[in-house]
Amino acid sequence: MMNKRQPRGLMLLVLGLVLLSLSACTTPTVAYFPVRHDSGISLLLPNYGKIVLEDGLLRFKENFSDTSYLLIWPHGFSYRVSGSRVEVLDAEGTVVAKTGQYKLIGGGPASSVEYYTGEQPPVPVPGPYWAMDRTLKNLYPWDYGSVRELAVLLLLVLAVVTIIVWFTMRRRRKI
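Keep in mind that this is a model prediction, so the values were computed, not measured.

## Remarks on the overall build of the protein chain
Phase 1 of the analysis: Regarding its fold elements, the protein chain presents three helices and eight strands.
Phase 2 of the analysis: Across the 175 residues of the protein chain, 38% fall into the buried class.
Phase 3 of the analysis: For the protein chain, the computed accessible surface area is about 11,000 Å², with 61% contributed by carbon and sulfur atoms.

See the structure below:
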């Protein structure tokens, strides 16, 4: 004999997973995106870490360190918001970075944003700063973005598998 609570529990599980996936789709806001006013020379130091959005600013969190640099992007770069991520575009309009990705970047520490952009930032921009060159490479070949997006995807797959197994077991009991 089937317990009447099983379908309700399954429905609550599916509803919870749907709500979790919807909460992951918040639209980010970029308060300031500093870009170099010219294509001048940059340092050629490599750095490894993750592109993150903190307080409306795209920053670079170094691997194995608590250091988080405000990125000063190369001349001609821009950004766009796509879903729950911020995508960085090069001068040709190609997406070269997304929030949540681990990257190898080039450039070097910068003393101020004003020196590279030629203007006073419209919002407070805490340092340290990193003036980038055009080097942006994926650090890991399996980098699909943030852990949260991957977790939501895995939960949705788990929900589908659970529903399939539940219906299969229910059908076998009726035979």
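## Re a nonpolar patch on the surface
Phase 1 of the analysis: Together, L153, V157, V161, V165 and M169 give the surface a local cluster of nonpolar side chains, amounting to about 420 Å² of exposed area.
Phase 2 of the analysis: Within the secondary structure layout, V165 lies in helix α3 (residues 147-174).
Phase 3 of the analysis: Residue class for V165 comes out partly exposed when judged on its relative accessible area of 45%.

## Quick notes on the packing of aromatic side chains
Phase 1 of the analysis: Under the defined criterion, the tally for this structure stands at six aromatic pairs.
Phase 2 of the analysis: Ring centres of Y115 and Y116 lie 5.0 Å apart, and the angle between their planes is 85°; on these two criteria the pair is classed as edge-to-face.
Phase 3 of the analysis: Residue classification places Y115 among the exposed residues on the basis of a relative accessible area of 59%.
Phase 4 of the analysis: On the numbers, 4.8 Å between centres and 75° between planes, the contact of W166 with F167 is edge-to-face.

## A word on the nonpolar core
Phase 1 of the analysis: In this structure, L58, L71, W73, V88, I105, M132 and L136 are the most contacted members of the largest nonpolar core, which totals 17 residues.
Phase 2 of the analysis: Those elements giving two or more residues to this core turn out to be β2 (57-62), β3 (68-72), β5 (85-89), β6 (95-98) and β8 (129-138).
Phase 3 of the analysis: Among the elements that line this core, the one with the most residues is β8, at three residues.
Phase 4 of the analysis: If we ignore the near neighbours within four places in the chain, the residues touching L71 are P34, I51, L58, R59, F60, I105, W130 and M132.
Phase 5 of the analysis: Residues L57, V113, V125 and Y129 belong to the second largest nonpolar core, which totals 10 residues.

## Comments concerning the sheet that holds β3
Phase 1 of the analysis: Strand order in the closed barrel formed by five strands is β1-β2-β3-β8-β7, and the pairing between neighbours is mixed. The average undirected angle you get between the axes of adjacent strands in this sheet is 55°.
Phase 2 of the analysis: In this sheet, strand β7 (residues 102-110) lies alongside strand β1 (residues 47-54) in antiparallel orientation, the contact comprising four bridges. When the bridges of β7 are listed, G49 appears paired with K103.

## Digging into the pattern of salt bridges
Phase 1 of the analysis: Under the defined criterion, the tally for this structure stands at four salt bridges.
Phase 2 of the analysis: Measuring nitrogen to oxygen at the nearest pair gives 3.8 Å for the salt bridge that ties R36 to D38.
Phase 3 of the analysis: Residue D38 is classed as partly exposed on the basis of its relative accessible area, which comes to 34%.
Phase 4 of the analysis: E87 is the salt-bridge partner of R80, the closest N and O atoms lying 2.6 Å from each other.

The rules behind these values
Residues numbered from 1 in each chain as written. Predicted model: local features only at pLDDT ≥ 70, side-chain atom pairs only at ≥ 80, totals over all residues. Heavy atoms only, no water. Helix = DSSP H or I, 4+ residues; strand = E, 2+ residues; numbered from the N terminus. Buried < 20%, exposed > 50% of the residue type's maximum accessible area, 1.4 Å probe, protein only. Areas by Shrake-Rupley, 256 points an atom, 1.4 Å probe, with all protein chains shown as cover. Patch = residues over 30% accessible without salt bridge, like charges linked within 9 Å, V, L, I, M, F, W, Y side chains within 5 Å. Salt bridge = Lys/Arg side-chain N within 4 Å of Asp/Glu carboxyl O. Phe/Tyr/Trp six-rings, centres within 6.5 Å; stacked < 30°, edge-to-face > 60°. Core = buried A, V, L, I, M, F, W, Y, C linked by side-chain atoms within 4.5 Å. Contact = heavy atoms within 4.5 Å. Pairing = 2+ DSSP bridges. Axes fitted to C-alpha atoms, helices over the stretch in contact; angles between N-to-C directions.

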